[in-house]
Amino acid sequence: MATADVLERNYPGRRAQLKRDILLGALACFNQHGLDLTTIEIIREHCDTSVGNIYHHFGSKDGLVAALFFSALEDQARLLATYLEKADTAQQGVAAIVGSYIDWVTDQPELARFQYQARAAIAKGPQADELAAKNRSRNKHIFSWWSAPARHAFIKHIPVDLLPSLLIGQAENYCRAWLSGRIVTSPKKYRAYLTQAAWLSLAIAVPEPK
């Protein structure tokens, strides 16, 4: 199970098995009922555990939401780093960023569906500073990769807060529609189109060697 693999990477070992089981159950409940309507009792019943166990490991429902959200975010970051390591040119870097995003969403649809609905709650909650820090770190990593002169020369000067929208905004919009069932064609089928759209929004009008 793909989600179980993600949680295993973030909470490894036999001693963390109960924690992973609770997170898997909570994810199913959040996606079925929504964040607001899901209660600790619903999660407890789904997981066949005690309320005490849930509070011991996560403190509250907000703690569960945060643990799942940041597990998803960290897994995305790992995949992105793997893709960027294989990219040499700026255009290949854009393809790596867009491609890793599309691949993660299509390979982890339950986590992605949850992440979309939980993002606003995290951004406005007690973990807002942590989310902002992780986003800054991600953007810094991308800019650092592009800072090599052979890559930087082909990219427009983009404000940091605008960069994510230009890079993955169109891919994110399509992925959201796919996850909601409004469209059925996998985002992977349109990877080339979405990558090209991102590249054209970022690239200086100078042809880059492939």
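Everything that follows concerns the structure shown earlier in this document.
What comes next is a walk through the structure. This one's a predicted model, so the numbers in the text were calculated from it and none came from an experiment.

1. Re the packing of helix H5 (residues 61-85) against helix H6 (residues 90-107)
And then number 1: Between H5 and H6, whose axes approach to 9 Å, the crossing angle comes to 140°. Our pair here, H5 against H6, has a crossing hand that is right-handed. Contact residues: H5 offers Ala72, Asp75, Gln76, Leu79, Leu80, Tyr83 and Leu84, while H6 offers Gly93, Ala96, Ile97, Gly99, Ser100, Tyr101, Asp103 and Trp104.
And then number 2: Among the residues making up the contact of H5 with H6, the classes are represented as nine nonpolar, four polar and two charged.

2. Some points on the pattern of salt bridges
And then number 1: In total, this model carries ten salt bridges according to the counting rule given.
And then number 2: Measuring nitrogen to oxygen at the nearest pair gives 2.9 Å for the salt bridge that ties arginine 9 to aspartate 75. A residue pair is termed long-range when its members are at least 10 positions apart, and arginine 9 in helix H1 (residues 2-10) and aspartate 75 in helix H5 qualify at 66 residues.
And then number 3: Note on arginine 9: relative accessible area 44%, which makes it partly exposed.
And then number 4: Residue aspartate 75 is classed as buried on the basis of its relative accessible area, which comes to 6%.
And then number 5: With a closest N to O distance of 2.6 Å, arginine 191 and aspartate 103 form a salt bridge. With arginine 191 in helix H11 (residues 191-202) and aspartate 103 in helix H6, this pair connects stretches of sequence that are 88 residues apart.
And then number 6: Residue arginine 191 is classed as partly exposed on the basis of its relative accessible area of 27%.

3. Structural notes on unusual backbone geometry
And then number 1: The backbone of aspartate 48 shows a phi angle near 55°, a positive value even though the residue is not glycine.
And then number 2: As for its placement among the helices and strands, aspartate 48 is situated in the loop between helix H3 (40-47) and helix H4 (51-58).
And then number 3: Its relative accessible area of 69% is what places aspartate 48 among the exposed residues.

4. Section: helix H10 (residues 163-180)
And then number 1: Here H10 contains 18 residues, and its C-alpha end-to-end distance of 25 Å stays within 8% of the 26 Å for a straight helix at 1.5 Å per residue.
And then number 2: At glycine 169, H10 shows its largest kink, close to 55°.
And then number 3: Listed as buried for H10 are Leu163, Leu167, Ile168, Ala171, Glu172, Tyr174, Cys175, Ala177 and Leu179.
And then number 4: On the buried face of H10, the contacting elements are H6, helix H7 (109-124), helix H8 (128-146) and H11.
And then number 5: Once H10 finishes, glycine 181 follows within two positions and takes phi at roughly 90°, a positive value.

5. Observations concerning the nonpolar core
And then number 1: Formed by 62 residues in total, the largest nonpolar core has its most connected members in Phe30, Leu64, Leu68, Phe114, Trp146 and Leu167.
And then number 2: For this core, the leading source of residues is H5, giving eleven residues.
And then number 3: Those residues in contact with leucine 68, other than ones at most four positions away along the chain, are Leu7, Leu23, Ala26, Leu27, Phe30, Leu111 and Phe114.

6. Quick notes on the environment of histidine 46
And then number 1: If you trace the backbone, histidine 46 turns up in helix H3.
And then number 2: Here histidine 46 falls in the partly exposed class, since its relative accessible area comes to 46%.
And then number 3: Distance in space between the C-alpha atoms of histidine 46 and cysteine 29 is 7.6 Å, their sequence separation being 17 residues.

7. Here we look at the environment of isoleucine 97
And then number 1: Checked against the element boundaries, isoleucine 97 lands in helix H6.
And then number 2: Classification of isoleucine 97 as buried rests on a relative accessible area of 6%.
And then number 3: Spatially, the C-alpha atoms of isoleucine 97 and glutamine 117 are 22 Å apart, while their sequence positions differ by 20 residues.
And then number 4: Every residue in contact with isoleucine 97, bar those within four places of it in the chain, is listed here: Leu80, Leu84, Ile142, Trp146, Leu167 and Ile168.

The rules behind each value
- Residues numbered from 1 in each chain as written.
- Predicted model: local features only at pLDDT ≥ 70, side-chain atom pairs only at ≥ 80, totals over all residues.
- Heavy atoms only, no water.
- Axes fitted to C-alpha atoms, helices over the stretch in contact; angles between N-to-C directions.
- Helix = DSSP H or I, 4+ residues; strand = E, 2+ residues; numbered from the N terminus.
- Left-handed = near helix turned anticlockwise from the far one by under 90°.
- Contact = heavy atoms within 4.5 Å.
- Nonpolar A, V, L, I, M, F, W, Y, C, P; charged D, E, K, R; others polar.
- Salt bridge = Lys/Arg side-chain N within 4 Å of Asp/Glu carboxyl O.
- Buried < 20%, exposed > 50% of the residue type's maximum accessible area, 1.4 Å probe, protein only.
- Expected span 1.5 Å × (residues − 1).
- Bend = angle between axes of the 7 residues up to and from the residue.
- Core = buried A, V, L, I, M, F, W, Y, C linked by side-chain atoms within 4.5 Å.

Remember, this is a structural readout, not a statement about activity or role.
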